[in-house]
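# Close look at the chain arrangement
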Amino acid sequence: MKVTFILNGREVSFEAAPGEKAQKFLQRSGIASVRDSDNGHGFAGSDTIILDGKAVSSGLLLAPQLEGREVRTIEYYGGSRNPSLVQQAMLEAGCVQSGYNSPAAALMIHELLERDPDPDREAVKDALSGLFNRATGYEQFFDAVRIAAARMKDPSYKNNGIPEFGEEYSLVGKPAPKKDSARMVAGEKVYVEDRVEPGSCILKVLRSPHAHAVIRSIDTGAAEAVKGVVAVFTHKDVPQRCYSQAGQGYPEPSPYDRMLISRKVRHVGDRVAVVVAETDEAAQKAISLIKVDYELLPVVLDWDDAWAEDAPMIHGGKIEYVDGAPEDLDELNVGADETEEPILYQFPIGGNPRKNIAASVSGGIGDLEKGFAEADTVIERTYTTTQIQCTPLETHTCYARVEGDRLVIHASTQVPYHVRRIVANLLDLPENQVRVIKERVGGGYGSKQDIVLEELTAFCAWKTGRPVFHQYSREEEFIANSTRKPMRITVKLGAKKDGRLTAMFMKMESNQGAYGAHALTVPMNGVSKSLPLFLCDNAGFEVVACYSNRPPTGAYQGYGAPKGNYALQLAVRELAAELGMDHLELVQKNRVTEGAMLEILKCLGEGREGAAAPAVSCGLGPALEQGAEMISWGRREDSGDPDIKIGKGFATVQQGSGLPGLDAANATIKMLGDGSFLVQSGGADLGTGLDLVSAKMTAEVLKCGLEVITVQSGDTDMAPFDTGAYASSGTFFSGGAAYNAALKMAGKIKREAAAILGETEEDIELAAPGIARGKKGELSYRKLAWHTQGGEGSGQLIASASFVTDKFSFPYGAHFCQVAVNTRTGKVTVQKYYALEDCGTPINPEYALGQIYGAVVKSMGHALYEEMIFDESGRCLTTDLRSYGVPMIGDIPEDFKSVLVRTDDPFGPFGAKSVSEISVNGAAPAIASAIYDAVGVWMRDWPFSPEKVLKALGKI
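If you're wondering where the values come from, they're calculated on a predicted model, not measured in any experiment.

Rules of the game
- Residues numbered from 1 in each chain as written.
- Predicted model: local features only at pLDDT ≥ 70, side-chain atom pairs only at ≥ 80, totals over all residues.
- Heavy atoms only, no water.
- Helix = DSSP H or I, 4+ residues; strand = E, 2+ residues; numbered from the N terminus.
- Rg over C-alpha atoms; globule rule 2.2 N^0.38 Å.
- Buried < 20%, exposed > 50% of the residue type's maximum accessible area, 1.4 Å probe, protein only.
- Contact = heavy atoms within 4.5 Å.
- Areas by Shrake-Rupley, 256 points an atom, 1.4 Å probe, with all protein chains shown as cover.
- Salt bridge = Lys/Arg side-chain N within 4 Å of Asp/Glu carboxyl O.
- Axes fitted to C-alpha atoms, helices over the stretch in contact; angles between N-to-C directions.
- Parallel < 35°, antiparallel > 145°, perpendicular 65-115°, else oblique.
- Left-handed = near helix turned anticlockwise from the far one by under 90°.
- Nonpolar A, V, L, I, M, F, W, Y, C, P; charged D, E, K, R; others polar.
- Patch = residues over 30% accessible without salt bridge, like charges linked within 9 Å, V, L, I, M, F, W, Y side chains within 5 Å.
- Lys, Arg positive; Asp, Glu negative; His and termini not counted.
- Charge placed at Lys NZ, Arg CZ, Asp CG, Glu CD.
- Disulfide = S-S within 2.5 Å.
- Pairing = 2+ DSSP bridges.
- Core = buried A, V, L, I, M, F, W, Y, C linked by side-chain atoms within 4.5 Å.
- Phe/Tyr/Trp six-rings, centres within 6.5 Å; stacked < 30°, edge-to-face > 60°.
- Polar contact = N/O pair within 3.5 Å; in protein donor to acceptor, adjacent residues only side chain to side chain.

### Focus on the overall build of the protein chain
Within the protein chain one finds 25 helices and 35 strands. A compact globule built from 956 residues should have a C-alpha radius of gyration of about 30 Å, and the protein chain, at 28 Å, falls within 12% of that. Taken along its principal axes, the extent of the C-alpha atoms in the protein chain is 75 × 70 × 65 Å. Residues classed as buried in the protein chain amount to 65% of the 956 residues present. Restricting to contacts in the protein chain with at least 6 residues of sequence separation, those with at least 24 account for 78%. As displayed, the protein chain has an accessible area near 33100 Å², and 48% of this comes from carbon and sulfur atoms.

### Considerations on the environment of Gly689
With respect to the helices and strands, Gly689 occurs in the loop between strand S27 (677–681) and helix H19 (690–702). For Gly689 and Ile357, which are 332 residues apart along the polypeptide, the C-alpha to C-alpha distance reads 39 Å. Aside from chain neighbours lying at most four places away, what touches Gly689 is Lys178 and Asn844.

### A few points about the pattern of salt bridges
Tallying each qualifying case throughout the model produces 57 salt bridges. Across the pair Glu122 and Lys125 runs a salt bridge, and its minimum N-O distance is 3.7 Å. Here Glu122 and its partner Lys125 are both found in helix H4 (residues 121–127), three residues apart, which amounts to about one turn of the helix. You can call Lys125 buried: its relative accessible area is 10%.

### Details of the packing of H19 against helix H20 (residues 730–757)
Closest axis-to-axis distance for the H19/H20 pair is 8 Å, and the angle between their directions is 30°. The angle between H19 and H20 falls in the class roughly parallel. Every pair of crossing elements has a handedness; the one defined by H19 and H20 is right-handed. Residues Leu690, Val693, Ser694, Met697, Thr698, Val701 and Leu702 of H19 pack against Gly730, Thr731, Ser734, Gly735, Gly736, Ala738, Tyr739, Ala742, Leu743, Met745, Ala746 and Ile749 of H20. Among the residues forming the contact of H19 with H20, the class breakdown is 12 nonpolar, seven polar and no charged.

### Looking at a negative patch on the surface
A surface patch of like charges, here negative, comprises Glu327, Asp328, Asp330 and Glu331. Checked against the element boundaries, Glu331 lands in helix H10 (residues 329–332).

### Quick word on the packing of helix H16 (residues 561–579) against helix H24 (residues 923–935)
The contact between H16 and H24 brings their axes to 8 Å, and the two run at 30°. Considering the angle they form, H16 stands roughly parallel to H24. Classified by chirality, the crossing of H24 by H16 is right-handed. Contacts from Asn565, Tyr566, Gln569, Leu570, Arg573 and Ala577 of H16 reach H24 at Ala924, Pro925, Ala928, Ser929 and Tyr932. For the contact of H16 with H24, the class distribution of residues is seven nonpolar, three polar and one charged.

### Comments concerning helix H13 (residues 454–464)
Among the 11 residues in H13, eight count as buried, and that is most of the element. All of the buried residues along H13 are Glu454, Glu455, Leu456, Thr457, Ala458, Phe459, Cys460 and Ala461.

### Details of the state of the cysteines
Inspection of the entire model under this criterion finds zero disulfides. Free of any disulfide, Cys242 has its nearest neighbouring cysteine sulfur in Cys460, separated by 18 Å. On the accessibility criterion, Cys242 (11% relative accessible area) is buried.

### A short note on the sheet that holds strand S7 (residues 213–219)
Read across the open sheet, the three strands follow the order S9-S7-S11; overall the sheet is antiparallel. On the outer flanks of this sheet lie strand S9 (264–265) and strand S11 (291–296), each paired with one strand and no other. Relative to S11, S7 runs antiparallel, the two being bridged by six bridges. Opposite Ala213, over in S11, you have Leu296 as the bridge partner.

### Here we look at the sheet that holds strand S30 (residues 771–773)
The strands making up a sheet associate through backbone hydrogen bonding, with each pair oriented either parallel or antiparallel. Reading across from one edge, S29-S30-S31 is the order of the three strands in this open sheet, with antiparallel pairing throughout. Strands with a single pairing partner mark the edges of an open sheet, and in this sheet they are strand S29 (765–767) and strand S31 (778–780). Neighbour-to-neighbour, the strand axes of the sheet open up by a mean angle of 25°, direction not taken into account. Of the strand pairs in this sheet, S30 and S31 are connected by three bridges, and their pairing is antiparallel. Its bridge partner lying in S31, Ala772 is registered against Leu779. Lying over the sheet, helix H21 (residues 781–789) contacts S29, S30 and S31, oriented at roughly 85° with respect to S31.

### Some thoughts on the pairing of strand S35 (residues 895–900)
On any regular strand, side chains alternate: one points to one face of the sheet, the next to the other face. Within S35, five of the six residues are buried, leaving the element largely enclosed by the surrounding structure. As paired elements, strand S34 (residues 828–838) and S35 share six bridges and run parallel to each other. Its bridge partner lying in S35, Lys832 is registered against Asp895.

### Brief notes about the nonpolar core
Soluble, globular proteins show a tendency: their nonpolar side chains are buried together. Among the nonpolar cores identified, the biggest contains 212 residues, and Met90, Ile409, Ile927, Ile931 and Phe944 are the most heavily contacted of them. Those residues within four positions of Ile931 in sequence are excluded, and the remaining contacts are Val819, Val821, Val828, Gly936, Val937, Met939 and Phe944. Counting 49 residues, the second largest nonpolar core, distinct from the first, contains Phe732, Ala741, Leu757 and Ala801.

### A look at unusual backbone geometry
Here the bond from Tyr250 into Pro251 is cis, since omega is 0°, no more than 30 degrees from zero. Its location among the elements puts Pro251 in the loop between strand S8 (229–233) and S9. With omega at 5°, the peptide bond leading from Trp942 into Pro943 counts as cis. Within the secondary structure layout, Pro943 lies in the loop between H24 and helix H25 (946–952). Positive phi is not limited to glycine here, since Asn39 has a value of about 55°.

### Details of the packing of aromatic side chains
Given two aromatic rings, one states the distance between the centres and the angle between the planes to describe the pair. Using the criterion set out here, one finds 26 aromatic pairs in the structure. When the ring of Phe233 is compared with that of Phe459, the centres are 5.1 Å apart and the planes differ by 65°; the resulting orientation is edge-to-face. Of this pair, Phe233 sits in strand S8 while Phe459 sits in helix H13, placing them 226 residues apart in sequence. Classification of Phe233 by relative accessible area gives buried; the value is 8%. The buried category is assigned to Phe459, whose relative accessible area is 3%. With centroids separated by 6.4 Å and ring planes inclined at 85°, the aromatic side chains of Tyr833 and Phe896 adopt a geometry described as edge-to-face. Pair noted here: Tyr833 is in strand S34 and Phe896 is in strand S35, with a separation of 63 residues, a long-range link. An identical accessibility class is assigned to Tyr833 and Phe896; each is buried. Grouping aromatic residues by their ring pairs yields a cluster made of Tyr383, Tyr566, Trp942 and Phe944.

### Looking at the environment of Lys448
Counting through the fold element by element, Lys448 comes out in the loop between strand S18 (434–438) and H13. C-alpha separation for the pair Lys448 and Val937, spaced 489 residues apart in sequence, amounts to 37 Å. Look past the residues within four positions of Lys448 in its chain and what remains in contact with it is Pro392, Glu394, Thr395, His396, Ser412, Thr413, Gln414, Val415, Val441, Gly442 and Gly443. A polar contact of 2.8 Å, which involves the side chain of Lys448, links it to the side chain of Glu394.

### So, the side chain of Thr502
Position of Thr502 relative to the elements: it lies in strand S21 (residues 501–513). A distance of 2.8 Å separates a polar side-chain atom of Thr502 from the backbone oxygen of Gly371. Excluding residues within four positions of it along the chain, Thr502 makes contact with Gly371, Ala375, Gly494, Ala495, Lys496, Cys536 and Asn538.

### Remarks on the side chain of Ser929
Relative to the helices and strands, Ser929 is located in helix H24. Ignoring any residue separated from it by four or fewer positions in sequence, one finds Ser929 in contact with Leu570, Arg573, His583, Lys648, Gly649 and Phe650.

### Section: the pairing of strand S16 (residues 397–403)
Burial analysis of S16 places five of its seven residues in the buried class, which makes it a mostly covered element. As paired strands, S16 and strand S19 (residues 468–471) are joined by four bridges and run antiparallel to one another. Bridging from a neighbouring strand, Cys398 pairs with His470 of S19. As paired strands, S16 and strand S17 (residues 406–411) are joined by six bridges and run antiparallel to one another. By the bridge assignment, Ala400 is partnered in S17 with Ile409. Counting the residues in the hairpin turn of S16 and S17 gives two residues, including Gly404, whose phi is positive at 65°.

What follows is the structure, given as structure tokens:
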């Protein structure tokens, strides 16, 4: 039927399909900004429109309900070239990061200010209550509203709310909007789904309803006969080649233990068959017609079941090694199931699939037995954590097409170069025939480090020769995606009466789920980012990861550190109680200090020998001192309500800045004909501002403005290799490569200017705004480019550089919180939260602050209520955002502050270290400690739900 309505100020008429949702209808009618994050559930707010003056969810409306009404989308208010007052305020506040539903946030703020030009904090919360934003932690939206409201009264109002760092620099440490933010908040076409050409095919996957089964037979005849179906693929049709979905450096410390489609399914949601069709309807119909006969196998969900003597093997195929095969390999392969795919290890990582062990390792320094024997007090505690979903607003998505003899992949990925390598290997293509274009990423948080659908989409496009689009539903995000690993962590501590630690031991048991991605490295990171926070001569660890029939796990922001830190920090708090010491005093007595040598790191390499490293710069002391003052540490608070008890807690945190000795980044800078610059960076900006980091570093070195710098990144054809955006490597490695390339470019500019001016290179200096100045004269970069690129010149100036290092730059932090515990209901409310982070010199302070806020709110959700819940058959019961439970703006603390503690790191470019991952490591131990302070119970199992609190209090 035809629907006629007012759209952004003019009357339009469009044809609507029967039963079509208003969101799909509007997007199909050319409004790209109205996006779907939750399959029309109306929870995330990405599909918000203004309908007759009110903000509503278009996913909850049918297209005919727009008839005769007035609809406004963000396109009504302004585009990237002419942002509205609200959009500009959001850019200045730094709250546009991944940006997937930033247009919706702008609409909500417009609607608020139109009816209330001077809103208070509660009014802002109410207006944005229907917006789920994983990236920013909401706090900066209050700043955006404040700026916009002030400008409505005084257009000349200047925002001075963002701290600045580095007085010696002109751009580094100073606020500046990301160039892509304006397009994001304007709702322009920047994501994978926006690249899909008319006539492209749709890919749908038939997924297993069983957690563990073998496919006896599969009949696809009826599906193949459906009109519009292009191809149906099963395990019989795919390359018989194993791989790992982990986007890690090659050779990966993860087992190659899966195929594109396997005859054996290992979790509910595993791939059974794939349909490529010309329409979504045809694909869905074909999926429903595929007939499968399964032989059901026993289901294994937890550690103890996986390691039981009679446990069924999740992977029973032949075990193979590229290098370092164990002596008992032949014995292990006796009785291997030839019908299952083999398991290939690149090198030994302590795996034994016969016992459902994906990986294991142990090590330590000093003499643990002696250390515990010398202790006056020894405690041993076990802590458990649950499986958690990353929940990016943009679900996993990929679009692949064939151009001649080349495969082009548009992907929402953190690791474009690993996608290229893995796809090329699977399809037996040289890498030069595969191009990966990383589009803007609408939220990743580690889950898009793994290759979970790109390889399947690429295979289908290559086999059919047709362009193929594949996007996960929200349910598929939960049942078929990589998630955070559940862990069970045992901590044993020994200490003298005065609190000095004599021995520390951690055992981390990780539940991998069905496949082995990151099996070794995630739990090892849980150790390596927690144990070094304390200086102890005797420290040891054991790591073991089990296979099970849960959905697969992989990378997630923090990469194991949030769970290891939760256990160790809370154990130290328990030790303080046992000793009768103040927690802060105990930590100060044992914590890492600047210049300390972290010996434990020599045992914690990623599948190889590590190296001890010094904490060359460490802002932990100032962070602890300032945080304690902010929270009024040691002062008891009274709620005035006998049912509500107040408590305070804190935790120290640490992360890394990439992986020294493993990571590598490269960048190329080209001077263009007018003296402007093109920076080609292999880094993958996820909305964090990495492109802006590269631009600032280039401009700072070359003494020019940001307006003459364009950064081109994330395209494997257009930029040199980079390991990817993970392990907190962006600013340090990718930014470092841009910095090194800029230094080389500066040298070339000086050499060419010296030749033209008849001077020595030593006499040339670079000056703003883009001038090479000598003693005899000067050249603008524009004139220099004219000289070099002319027929008599030396040629276009191009500088390429890499960044590799064996030096460690550790960010540190201290998180303080105050909670209110309702002893009648068990509810825990975080009233105050202060996250103080040492990230060296903050390059982009507003985005650094936003990443801290976002990470803290994520980790608060993990600690208090987020949890994937499974029934006994392995089926996930929480497969949408509402039932799973994610933090919204009404859940953030009333008093919420991010604080940047500057140190000058000697190894990072301009003294920078990482900031985003470290900030997820503090909430769980800080909140658990505060709960103990409030009501005297230990929360050793997250999430700290009301039921668990009441149970700990003995009330249920």
